[in-house]
Amino acid sequence: HHPPNLGRTNGNYAPKILIASLSNTAVDRVLSCLLKLNFSSFLRVGSLKKISKPILPFSMQSAKREDELKELQQMKKQCSSSEVCFIDEAISSCRKRENTRLLQETCVVGATCNATTFEVFDGLSFPIVFLDECSQQIEPLSLLSMRFGAKRVVLVGDPMQLPPTIP
């Protein structure tokens, strides 16, 4: 699935988009909205234990694949029966992919600002950055997600919902 005309210049090109936030919950909320819109061509980078279960099949972490599989197996033992299918799908996905190649080929990537410092992001470019809950972050943390050659940055935050961290 591809979003309709999302920055396509010639039918074959869609710019890479980074969806970042201070919290895992905020990143997963945005990605969950994409799923509800039937868009699933994204990748979620971060600690598997902190990613919401429905997003796990679209996730990867910077650890070695073997470590990722072990962590997913552990999570499977500790989760509810309604969440097992998500973890099984994540295990299947983990076995099929090569993290670096997948990150390079995926147009939409979600991660916390802290996770953008992971080694798997080295050498990547994101011309568009969507920064959610930006009023909750201090400026240096926000800049971590913008260091990938951002040409456009969309800052989202509702000070009436969550007051700024630094007024």
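Since the model is a prediction, treat every value here as computed from it, not as a measurement.

*Asks:* How do you make sense of unusual backbone geometry when you look at a structure like this?
*Replies:* Glycine aside, residues mostly have negative phi angles, and peptide bonds mostly take the trans form. Phi is positive for Asn38, which is not a glycine, with a value near 65 degrees. Inspection of the secondary structure assignment puts Asn38 in the loop between α1 (24–36) and β2 (42–45).

*Asks:* How should the state of the cysteines be read in this particular structure?
*Replies:* One covalent bond between the sulfur atoms of two cysteine residues makes up a disulfide. Overall, the coordinates contain zero disulfides when judged by the stated rule. Between Cys79, a free cysteine, and Cys85, which holds the nearest cysteine sulfur, the sulfur-to-sulfur gap is 8.9 Å. Residue Cys79 is classed as buried on the basis of its relative accessible area of 17%.

*Asks:* Would you mind showing me how to read the sheet that holds β2 here?
*Replies:* The pairing of strands in a sheet comes from backbone hydrogen bonds and takes either a parallel or an antiparallel form. Across the sheet, six strands lie side by side as β3-β2-β4-β1-β5-β6; this open sheet has parallel pairing. Of all strands in the sheet, those bounded by a partner on one side alone are β3 (59–60) and β6 (152–155). In terms of strand pairing, strand β5 (residues 128–132) meets β6 through four bridges, oriented parallel. For Phe130, the partnering residue across the bridge sits in β6 and is Val154.

*Asks:* How should the side chain of Lys16 be read in this particular structure?
*Replies:* Mapped onto the elements of the fold, Lys16 is located in the segment before β1 (17–21). Within the buried set, Lys16 has no salt-bridge partner at all; the shortest N-O distance to an opposite charge, 9.1 Å, is to Glu105. Of note is the side chain of Lys16, whose polar atom sits 3.5 Å from the backbone oxygen of Gln104. Of the polar contacts made by the side chain of Lys16, one reaches the backbone oxygen of Thr106; its length is 2.4 Å. Residues in contact with Lys16, not counting those within four places in the same chain, are Leu103, Gln104, Thr106, Cys107, Ser125, Phe126, Pro127 and Ile128.

*Asks:* I keep staring at the pairing of β2 and nothing clicks. Help me out?
*Replies:* When a strand is regular, its side chains alternate between the sheet's two faces. Covered by surrounding structure in β2 are Phe42 and Arg44 together with Leu43 and Val45, the residues of both alternating faces. As defined by bridge partners, β2 adjoins strand β4 (residues 108–112) across three bridges and the pair is classed as parallel. Paired with Arg44 across the bridge in β4 is Gly110. Direction of pairing for β2 relative to β3: parallel, over a ladder of two bridges. Of the residues in β3, the one forming a bridge with Val45 is Met60.

*Asks:* What's the story with the pattern of salt bridges in this structure? I'm lost.
*Replies:* For side chains of opposite charge, pairing can occur when their charged atoms come near one another. According to the stated counting rule, one finds three salt bridges in the structure shown. Ionic pairing is found between Asp28 and Arg44, a salt bridge with its closest N-O pair at 2.6 Å. Here Asp28, found in helix α1, pairs with Arg44, found in strand β2; they are 16 residues apart in sequence, far enough to count as distant. Judged by relative accessible area, Arg44 falls into the buried class, the value being 0%.

*Asks:* What's the story with the confidence of the model for the chain in this structure? I'm lost.
*Replies:* Within the chain, residue pLDDT values average 81, and 81% of them lie at 70 or more. When the criterion is pLDDT under 50, residues 1–10 qualifies, and its contacts beyond four places in sequence or with other chains add up to 15 contacts.

*Asks:* Is there a simple way to explain the packing of aromatic side chains in this structure?
*Replies:* Any aromatic ring pair is given by two values, namely how distant the centres are and how the planes are angled relative to each other. In the structure shown here, the tally under the stated rule is four aromatic pairs. Ring-pair connections join several aromatic residues into one group, and the members of that group are Phe121, Phe126 and Phe148.

*Asks:* Would you explain the nonpolar core in this entry?
*Replies:* As a rule of thumb, soluble globular proteins bury nonpolar side chains together. Counting 22 residues, the largest nonpolar core has Phe42, Leu56 and Leu72 as its most contacted members. Residues Val120, Val129, Leu141 and Phe148 belong to the second largest nonpolar core, which totals 19 residues.

How each quantity is defined
- Residues numbered from 1 in each chain as written.
- Predicted model: local features only at pLDDT ≥ 70, side-chain atom pairs only at ≥ 80, totals over all residues.
- Heavy atoms only, no water.
- Helix = DSSP H or I, 4+ residues; strand = E, 2+ residues; numbered from the N terminus.
- Disulfide = S-S within 2.5 Å.
- Buried < 20%, exposed > 50% of the residue type's maximum accessible area, 1.4 Å probe, protein only.
- Pairing = 2+ DSSP bridges.
- Lys, Arg positive; Asp, Glu negative; His and termini not counted.
- Salt bridge = Lys/Arg side-chain N within 4 Å of Asp/Glu carboxyl O.
- Polar contact = N/O pair within 3.5 Å; in protein donor to acceptor, adjacent residues only side chain to side chain.
- Contact = heavy atoms within 4.5 Å.
- pLDDT = per-residue confidence, 0-100.
- Phe/Tyr/Trp six-rings, centres within 6.5 Å; stacked < 30°, edge-to-face > 60°.
- Core = buried A, V, L, I, M, F, W, Y, C linked by side-chain atoms within 4.5 Å.

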